[in-house]
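Examining the three-dimensional arrangement
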Amino acid sequence: MKARSAQPARRVAVLGIAAIGAASLLGGCGFETRQQAAAVVNGQVISESDVQQTYDQLKAAKLDFAENIVVTALVAAPLLKDAVSKSGSWQPDETYASVIASIPGATDTTKEFVEAVALIQSQKMTPADVDAYRADLKKADISINPKYGSVVPSNEGPVYFTIGQTTPNWVKPAANAAPATAQ
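Since this is a predicted model, take the numbers as computed values, not measurements.

**Comments concerning the side chain of T54**
- Summarising the element assignment, T54 is placed in helix 2 (residues 48-60).
- On the accessibility criterion, T54 (0% relative accessible area) is buried.
- Setting aside its immediate chain neighbours within four residues, T54 contacts V70, T107, T109, T110 and F113.

**What to know about the packing of helix 3 (residues 67-87) against helix 5 (residues 108-122)**
- At a closest axis distance of 8 Å, the pairing of helix 3 and helix 5 adopts a crossing angle of 70°. The angle between helix 3 and helix 5 places the two elements in the roughly perpendicular class. Where helix 3 crosses over helix 5, the two elements pack in a sense that is left-handed. Residues I69, V70, A73, L74, A77, L80, K81 and V84 of helix 3 form the contact with helix 5, whose participating residues are T109, E112, F113, E115, A116, V117, L119 and I120.
- Grouping the amino acids of the contact of helix 3 with helix 5 by side-chain chemistry returns twelve nonpolar, one polar and three charged.

**Some remarks on the confidence of the model for the chain**
- With 70% of its residues at a pLDDT of 70 or more, the chain has an overall mean of 81.
- pLDDT under 50 marks residues 9-34. Its contacts with residues more than four places away, or in other chains, come to two contacts.

**With respect to the packing of aromatic side chains**
- Counted according to the given criterion, the structure contains one aromatic pair.
- Here the basic side chain of R134 rests over the ring of Y160, its NZ or CZ set 4.0 Å away from the ring centre.

**Examining the environment of T109**
- Counting through the fold element by element, T109 comes out in helix 5.
- In this structure, the C-alpha to C-alpha distance between T109 and S47, residues 62 residues apart in sequence, is 9.7 Å.
- Once residues within four sequence positions are removed from consideration, T109 is found in contact with D50, T54 and L74.

**Considerations on the nonpolar core**
- Counting residues in hydrophobic clusters, the biggest one holds 39 residues, and the most contacted among them are V51, V71, V75, F113, Y133 and F161.
- Counting residues per element, the ones that place at least two in this core are strand 1 (37-41), helix 2, helix 3, helix 4 (94-101), helix 5, helix 6 (127-139) and strand 5 (161-164).
- Broken down by element, this core gets its largest block of residues, eleven residues, from helix 3.

**A look at helix 3**
- If you check helix 3, its first and last C-alpha atoms are 31 Å apart, about what 21 residues at 1.5 Å a residue would give, namely 30 Å.
- For helix 3, the principal kink sits at A77 and spans about 40°; a proline, P78, occurs within the next four residues.
- The complete set of buried residues in helix 3 reads V70, V71, T72, A73, L74, V75, A76, A77, L79, L80, A83 and V84.

**A closer look at the sheet that holds strand 1**
- Spatial strand order, 2-1-3: three strands in an open sheet with antiparallel pairing. The open sheet has two edge strands with one neighbour each: strand 2 (44-47) and strand 3 (142-144). Mean inter-strand twist for the sheet, computed between neighbouring axes without regard to direction, equals 15°.
- As paired strands, strand 1 and strand 2 are joined by four bridges and run antiparallel to one another. For A37, the partnering residue across the bridge sits in strand 2 and is S47.
- Across the face of the sheet, helix 2 comes into contact with strand 1 and strand 2 while running at roughly 50° to strand 2.
- Taken strand by strand, helix 3 contacts strand 1, strand 2 and strand 3, and its axis lies near 25° from that of strand 1.

**Structural notes on unusual backbone geometry**
- The omega angle of the peptide bond from G157 to P158 is 10°, so this bond is cis rather than trans.
- For P158, the position within the fold is in the loop between strand 4 (150-153) and strand 5.
- Here the phi dihedral of K62 falls at roughly 65°; this positive angle occurs in a residue that is not glycine.
- Along the chain, the position of K62 falls in the loop between helix 2 and helix 3.
- Positive phi values are uncommon outside glycine, yet Q123 reaches one of about 55°.
- Among the structural elements, Q123 can be located in the loop between helix 5 and helix 6.

Reading the values: the criteria
Residues numbered from 1 in each chain as written. Predicted model: local features only at pLDDT ≥ 70, side-chain atom pairs only at ≥ 80, totals over all residues. Heavy atoms only, no water. Helix = DSSP H or I, 4+ residues; strand = E, 2+ residues; numbered from the N terminus. Buried < 20%, exposed > 50% of the residue type's maximum accessible area, 1.4 Å probe, protein only. Contact = heavy atoms within 4.5 Å. Axes fitted to C-alpha atoms, helices over the stretch in contact; angles between N-to-C directions. Parallel < 35°, antiparallel > 145°, perpendicular 65-115°, else oblique. Left-handed = near helix turned anticlockwise from the far one by under 90°. Nonpolar A, V, L, I, M, F, W, Y, C, P; charged D, E, K, R; others polar. pLDDT = per-residue confidence, 0-100. Phe/Tyr/Trp six-rings, centres within 6.5 Å; stacked < 30°, edge-to-face > 60°. Lys NZ or Arg CZ within 6 Å of the ring centre and 35° of its normal. Core = buried A, V, L, I, M, F, W, Y, C linked by side-chain atoms within 4.5 Å. Expected span 1.5 Å × (residues − 1). Bend = angle between axes of the 7 residues up to and from the residue. Pairing = 2+ DSSP bridges.

Below you can see the structure in the form of structure tokens.
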């Protein structure tokens, strides 16, 4: 009889371990996705692969933008688009169309980048658009992959932030480093 009563307890233990394993695997999916993110803006992931593909497409079209500028524009893009969509002050124009035509097979992310840059260069944002954008920017939940640095707020337009290193060196000197000796 004792062997039978131990079986249900063993089953419960095995099922409990299996459930914990499944939960950790499923929970890891979101973590892994965030680790592969260049940035996350209000829950929307901008993947490293999208940044790289956009960078490569721009480079192939002879448009020279650094990767951190690509990330900056992609972070600002949805906030800018929301700001001007309310007023209708800007729609994709000839500049946007011309650049997109020069990038065969432009991805959606590349199109978002070009749209943000074309909007900024058009200088058609109204003061109300800028106010709406800045208010949304202040409320936005933005996280940046440390590879690119961090969001550095700015009072300078057009995007009112930069992405870069607040401390240029990733490696910090040891506090109690032994002095080098000559041999």
